[in-house]
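Residue-level structural notes
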Amino acid sequence: MAGLELVGVSRSYGRRPALETIDLVFAPGEVTVILGRNGSGKSTLLKVAAGILRPTTGLVRLDGVDLATMTPRDAARSIAGVAQEESVDFPYTVRDIASLGRIPHLGPFERERDRDRHAVDAALKALDLVALADRPVPSLSGGERRRAFLARALAQEPKVLLLDEPTAHLDLGHEAALLAVVRSLARSRGVAVALALHDLNLVGLVADRVVLLEGGRIRAVGSPVDVFDAATLSDAYGAPVMLVARPGGGAPLVVPRGAT
């Protein structure tokens, strides 16, 4: 099957289950948003999908091939990801960080080619980082650093893009721009995108499909309109919410009940 497929995936930390019997496909050209309260398994799911963590049971397949049988280099040619928190201890520039995304595509001792420089330039432009390209990453704000690591993932030109809280630390303008880039990658390049979000009101801007996790299990899956049910969300998040029609249609806005 094309795309990234999780088949009967469970993952435990010691005796504590973090994911239980997950069957899920991240399909080419589709943006999947993963939702759930803290500790529901969102980050673990993305790490297993990326091959960073091995499932305790089940398997992950990339275009029908068991990810466990692939070398890290081969997997990195197709799968790119950005973790919830990333840091750098050396004064690498923004361009240096973005260029790391090209490493899986280069042979041993092979120098950067024109296509590699073009991919890096395109990633910097897409994330509004051209003016910051020569700035050391430790000197940047949290949002600017976040965009630098996202540029690395875009420069990788992956088939599958996995993002854990990609809008964290971003201001409103860059938040909207990032989601537009994500949708464009899915639509124009056929990239399979999966991202975990905390802000439910961003979901309608980007998602084709929503996966709602609760206690390491899939509570609901479907279009944003299908999954956004006040009772389901209230129960899954442990807080009463109400839904408000979104101007222009699409997934409703989610408002804590009692908020004014």
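Check the entry above for the structure.
Residues numbered from 1 in each chain as written. Predicted model: local features only at pLDDT ≥ 70, side-chain atom pairs only at ≥ 80, totals over all residues. Heavy atoms only, no water.

1. Structural notes on the overall build of the chain
- Within the chain, the secondary structure is distributed over nine helices and 12 strands.
- For 260 residues, the compact-globule formula gives about 18 Å, and the C-alpha radius of gyration of the chain, at 18 Å, lands near that figure.
- Once the C-alpha set of the chain is aligned to its principal axes, its extents read approximately 55 × 45 × 35 Å.
- Each of the 260 residues in the chain was classed as buried or not, and the buried ones make up 46%.
- A separation threshold of at least 6 residues defines the contact pool for the chain, and within that pool the share at least 24 residues apart is 64%.
- Approximately 12,300 Å² of the chain is accessible, and the part contributed by carbon and sulfur atoms is 55%. (Helix = DSSP H or I, 4+ residues; strand = E, 2+ residues; numbered from the N terminus. Rg over C-alpha atoms; globule rule 2.2 N^0.38 Å. Buried < 20%, exposed > 50% of the residue type's maximum accessible area, 1.4 Å probe, protein only. Contact = heavy atoms within 4.5 Å. Areas by Shrake-Rupley, 256 points an atom, 1.4 Å probe, with all protein chains shown as cover.)

2. Some details on the sheet that holds strand E7 (residues 160–164)
- Strand order across the open sheet formed by six strands is E6-E7-E8-E3-E9-E10, with mixed pairing between neighbours. Here the strands that pair on one side only, and so sit at the sheet edges, are strand E6 (79–82) and strand E10 (217–222). On average, adjacent strands in this sheet sit at an angle of 15 degrees to one another, irrespective of strand direction.
- Across the sheet, helix H1 (residues 42–50) is in contact with strand E3 (31–35), E6, E7, strand E8 (192–196) and strand E9 (209–214); its angle to E7 comes to roughly 155 degrees.
- Taken strand by strand, helix H9 (residues 230–237) contacts E3, E9 and E10, and its axis lies near 40 degrees from that of E9. (Pairing = 2+ DSSP bridges. Axes fitted to C-alpha atoms, helices over the stretch in contact; angles between N-to-C directions.)

3. Observations regarding helix H6 (residues 172–189)
- A rise of 1.5 Å per residue sets the reference length of H6, with its 18 residues, at 26 Å; its end C-alpha atoms lie 25 Å apart and thus fit the reference within 8%.
- Residues of H6 that are buried include every one of His174, Glu175, Leu178, Leu179, Val181, Val182, Leu185 and Ala186, and no others. Seen end-on, H6 carries its buried residues on one side only, within an arc spanning 150 degrees. Residues Leu172 and Ser188 are exposed on H6 and point more than 90 degrees away from its buried face.
- Backbone nitrogen of glycine 173 and a side-chain oxygen of the N-cap are separated by 3.2 Å at the start of H6; the cap is aspartate 171.
- Looking one or two places after H6, you find glycine 190, whose phi comes out positive at around 70 degrees. (Expected span 1.5 Å × (residues − 1). Arc of directions from axis to C-beta. Polar contact = N/O pair within 3.5 Å; in protein donor to acceptor, adjacent residues only side chain to side chain.)

4. Focus on the pattern of salt bridges
- All chains considered together, the criterion is met by 15 salt bridges.
- Of the charged contacts in the structure, one is a salt bridge between aspartate 116 and arginine 102, with a shortest N-O distance of 2.8 Å. Of the two residues, aspartate 116 is situated in helix H4 (residues 114–126) and arginine 102 in the loop between helix H3 (94–99) and H4; the sequence distance between them amounts to 14 residues. We note that aspartate 116, like arginine 102, is buried.
- Arginine 219 is the partner of glutamate 214 in a salt bridge, and the nearest nitrogen-oxygen pair spans 2.5 Å.
- Residue class for arginine 219 comes out partly exposed when judged on its relative accessible area of 33%. (Salt bridge = Lys/Arg side-chain N within 4 Å of Asp/Glu carboxyl O.)

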